[in-house]
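Chains, contacts and geometry: an overview
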Amino acid sequence: MALSGLDIYKLLPKTNCKDCGFATCLAFAMALNQKKVSLDKCPHVTAEAKAALESASQPPIKPVTIGTGARSLEMGNETVMYRHEQKFYHPTGIGFLIEDTESDMAVTDAIANINALKFERVGQAISADLVCIKNSSADSAIFLNHVKKILSSTALNLALSVRDPKTASDAVKVCKEKRPLLICEDPGALDAFINIAKGNGLPLALACHDIDEAVRFIDKAKKSGVEDLLINITSGRVSDRIQAYTFIRRMALKKGVRALGYPILAFTASGTPDMELAEAVSYVDKYAALVIVKNRTKEFILPLLVTRQDIYQDPQKPVQVDPKIYEIGKVTADSPVLVTTNFSITYFTVAGEVESSKVPSYILACDAEGMSVLTAWAADKFTAKTISETLTRTGLAEKVKHKKVIIPGYVSVLSGELEDMSGWKVAVGPKEASGIPNYLRNVK
Ligand code: SF4
């Protein structure tokens, strides 16, 4: 739990000796709290106070990474219960479950299907992160065969869900370069799994019946030197798990309970696609760092990814597109130019309507700090001056020969000033984007 400046002050010697360069211990405490100075600048701090301050400076939820390189999945290091308090940092990882009881051909098809599940929404690429291979067959050779096959056919991160430590160890030898997540399914084999994770530097998920068991397992793993841990509560109904995940997050953030300061792994268990989707969405919403799902269809995964994208969007930074000229269709020097803001939803709504009009057009997206048209206008971010400057900066005059722009109907008030300022002729378009196709087809 983060300490306030006054909490830090209470741990300092309070002698105001000035050896740290600050006039008082309180001033030093405030600077330390704002991370403007390091603790070692005070030579008089006691060992106990130092330990307490260093412990408090650790992230309340341990950062854990699965995989390597650009596609690795980072989890943990969250600092708030609710997004509006600040923001969530690491979007929940989404993984697909593949059981080794599925045939070779079924696995080949499943991986081809999973690899194709990539989408673009409001200008951002969204896709799943991981494949979890489960040793449901309890057969070591079959499991290894599936691990090798999946390893060679997808760039996604891997998780190995196993009961038998020997099978886990053999599988890790095959894929440890990929830094897979090792999921210990058998609490009775915890010591062996801890040794495998430690020996190979892998993250380890501990399947626990309840929170008390999670605390015991984590303590054991930490004492053995394994710190990259995930908590996986396996018992109870969906509502029980959501309650448990919320409790874990609250204890880690609000009470500073280090034993629960680890990312959460959740498996869906619901039997029907709609209930599984509701379950997965609830886990994304309520603090799971990684959710593993059974359903691999497009209609299941897209709404789940969209939910994740929305929840993990920084509330203080609207989704934006680059402020520049966009070409929709086969534009020419005679194509119309529509002006709008760089708020993603506004831009993509306009772009969609232009596309449906079948009239090749330019869209000039002005930098309005990601605000929609009326909001930006009211905030003085979408003005005759900013539009005029964007016209000049983007060199639109070199692309078209008509020197005419169409502005949104809601800001028709800008037309006169914009004409004077830019030298471009200004036409007032429809207020709503839905009116664009009809407008473009009839524009002269
Ligand atoms: Fe206080 Fe330490 Fe600074 Fe002295 S050196 S003023 S004891 S914080």
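Residues numbered from 1 in each chain as written. Predicted model: local features only at pLDDT ≥ 70, side-chain atom pairs only at ≥ 80, totals over all residues. Heavy atoms only, no water.

1. Side note on the packing of helix 5 (residues 140-153) against helix 6 (residues 165-175)
For the pair helix 5 and helix 6, the least separation of the axes is 10 Å and the interaxial angle reads 20°. Taken together, the axes of helix 5 and helix 6 lie roughly parallel to each other. Helix-helix and strand crossings are classified by hand; for helix 5 and helix 6 the assignment is right-handed. Counting all contacts with helix 5, which are made through S140, F143, L144, V147, K148 and L151, the residues of helix 6 involved are T167, D170, A171, V174 and C175. Taken together, the residues of the contact of helix 5 with helix 6 sort by class into 7 nonpolar, 2 polar and 2 charged. (Axes fitted to C-alpha atoms, helices over the stretch in contact; angles between N-to-C directions. Helix = DSSP H or I, 4+ residues; strand = E, 2+ residues; numbered from the N terminus. Parallel < 35°, antiparallel > 145°, perpendicular 65-115°, else oblique. Left-handed = near helix turned anticlockwise from the far one by under 90°. Contact = heavy atoms within 4.5 Å. Nonpolar A, V, L, I, M, F, W, Y, C, P; charged D, E, K, R; others polar.)

2. Quick notes on the pattern of salt bridges
Counting across every chain of the model gives 16 salt bridges. We note a salt bridge from E185 to K134, for which the minimum N-O separation is 3.2 Å. Note that E185 is positioned in the loop between strand 8 (181-184) and helix 7 (190-200) and K134 in strand 6 (residues 130-134), a separation of 51 residues in sequence. Salt-bridge contacts for K385 lead to E389; the nearest nitrogen and oxygen are separated by 3.2 Å. Remark: E389 and K385 occur in helix 14 (residues 384-394); sequence separation between them is 4 residues, near one turn of the helix. Residue classification places E389 among the partly exposed residues on the basis of a relative accessible area of 43%. Members of the salt-bridge network, linked through shared partners, are K62, R179 and D228. (Salt bridge = Lys/Arg side-chain N within 4 Å of Asp/Glu carboxyl O. Buried < 20%, exposed > 50% of the residue type's maximum accessible area, 1.4 Å probe, protein only.)

3. Examining the domain arrangement of the protein chain
Domain assignment breaks the protein chain into domain 1 (5-57), domain 2 (64-311) and domain 3 (325-442). Taking only C-alpha atoms, the centre of domain 2 and the centre of domain 3 are 45 Å apart. (Domains from an automatic or database assignment.)

4. Let's talk about the environment of Q34
Examined against the element boundaries, Q34 turns out to sit in the loop between helix 2 (25-33) and helix 3 (47-56). Sequence separation between Q34 and I325 is 291 residues, and the spatial gap between their C-alpha atoms is 41 Å.

5. Brief notes about a nonpolar patch on the surface
Residues L374, W377, Y410 and V413 make up a contiguous nonpolar surface patch of about 370 Å² in total accessible area. Within the secondary structure, Y410 sits in the loop between strand 16 (404-407) and helix 15 (415-422). (Patch = residues over 30% accessible without salt bridge, like charges linked within 9 Å, V, L, I, M, F, W, Y side chains within 5 Å. Areas by Shrake-Rupley, 256 points an atom, 1.4 Å probe, with all protein chains shown as cover.)

6. Remarks on the packing of helix 14 against helix 15
The angle between the axes and the distance between the axes are what describe a pair of packed helices. Their axes nearest at 9 Å, the elements helix 14 and helix 15 cross at an angle of 40°. The angle between helix 14 and helix 15 places the two elements in the oblique class. Considering only the axes of helix 14 and helix 15, their crossing is right-handed. Mapping the contact onto sequence places A384, K385, I387, S388 and L391 in helix 14 and E417, L418, M421 and S422 in helix 15. For the contact of helix 14 with helix 15, the per-class residue count stands at 5 nonpolar, 2 polar and 2 charged.

7. Quick look at the environment of L204
Within the secondary structure layout, L204 lies in strand 9 (residues 204-208). L204 sits in the buried class, given a relative accessible area of 0%. C-alpha separation for the pair L204 and S422, spaced 218 residues apart in sequence, amounts to 61 Å. Every residue in contact with L204, bar those within four places of it in the chain, is listed here: L181, L182, C184, F193, I194, A197, V226, D228, L229 and L230.

8. Digging into the nonpolar core
Ranked by size, the top nonpolar core spans 69 residues in total, and within it V131, L160 and L204 carry the most contacts. Core analysis: the next-biggest nonpolar cluster, separate from the first, contains 24 residues, Y362, C366, F382 and V426 among them. (Core = buried A, V, L, I, M, F, W, Y, C linked by side-chain atoms within 4.5 Å.)

9. Details of the site of the ligand
Close contacts around the ligand come from P13, T15, N16, C17, K18, D19, C20, C25, F28, C42, P43 and H44, and that covers them all. In terms of residue class, the shell around the ligand is built from 7 nonpolar, 3 polar and 2 charged. (Near = heavy atom within 4 Å.)

10. A word on helix 9 (residues 238-254)
In an α-helix, one turn spans 3.6 residues; hence positions three or four apart end up facing the same way. Look at helix 9: 24 Å from first C-alpha to last across 17 residues, which is about the 24 Å you get at 1.5 Å a residue. Among the residues making up helix 9, those that are buried are R241, A244, Y245, T246, I248, R249, M251, A252 and L253. Taken together, the buried residues of helix 9 touch helix 8 (211-223), strand 10 (229-233), strand 11 (265-267) and helix 10 (273-285). Of the residues trailing helix 9, G256 is marked for its positive phi of about 65°. (Expected span 1.5 Å × (residues − 1).)

11. Regarding the side chain of E78
Its location among the elements puts E78 in the loop between strand 2 (73-75) and strand 3 (93-99). Side-chain polar atoms of E78 contact the backbone nitrogen of Y89, separated by 2.7 Å. A polar side-chain atom of E78 sits 2.7 Å from the main-chain amide nitrogen of H90. Setting aside residues up to four positions removed in sequence, E78 forms contacts with P60, I61, K87, F88, Y89, H90, R249, L253 and Y312. (Polar contact = N/O pair within 3.5 Å; in protein donor to acceptor, adjacent residues only side chain to side chain.)

12. What to know about the sheet that holds strand 6
Spatially, 10-9-8-7-6-3-12-11 is the arrangement adopted by the 8 strands of the open sheet, whose pairing is parallel. Both outer strands of the open sheet, strand 10 and strand 11, are each paired with one neighbouring strand and no more. Pairwise comparison of adjacent strand axes, ignoring direction, gives a mean angle of 25° for this sheet. As paired elements, strand 3 and strand 6 share 5 bridges and run parallel to each other. By the bridge assignment for strand 6, E99 is matched with K134. In the packing of helix 6 onto the sheet, the strands contacted are strand 7 (157-162) and strand 8, and the crossing angle to strand 7 comes to about 165°. (Pairing = 2+ DSSP bridges.)

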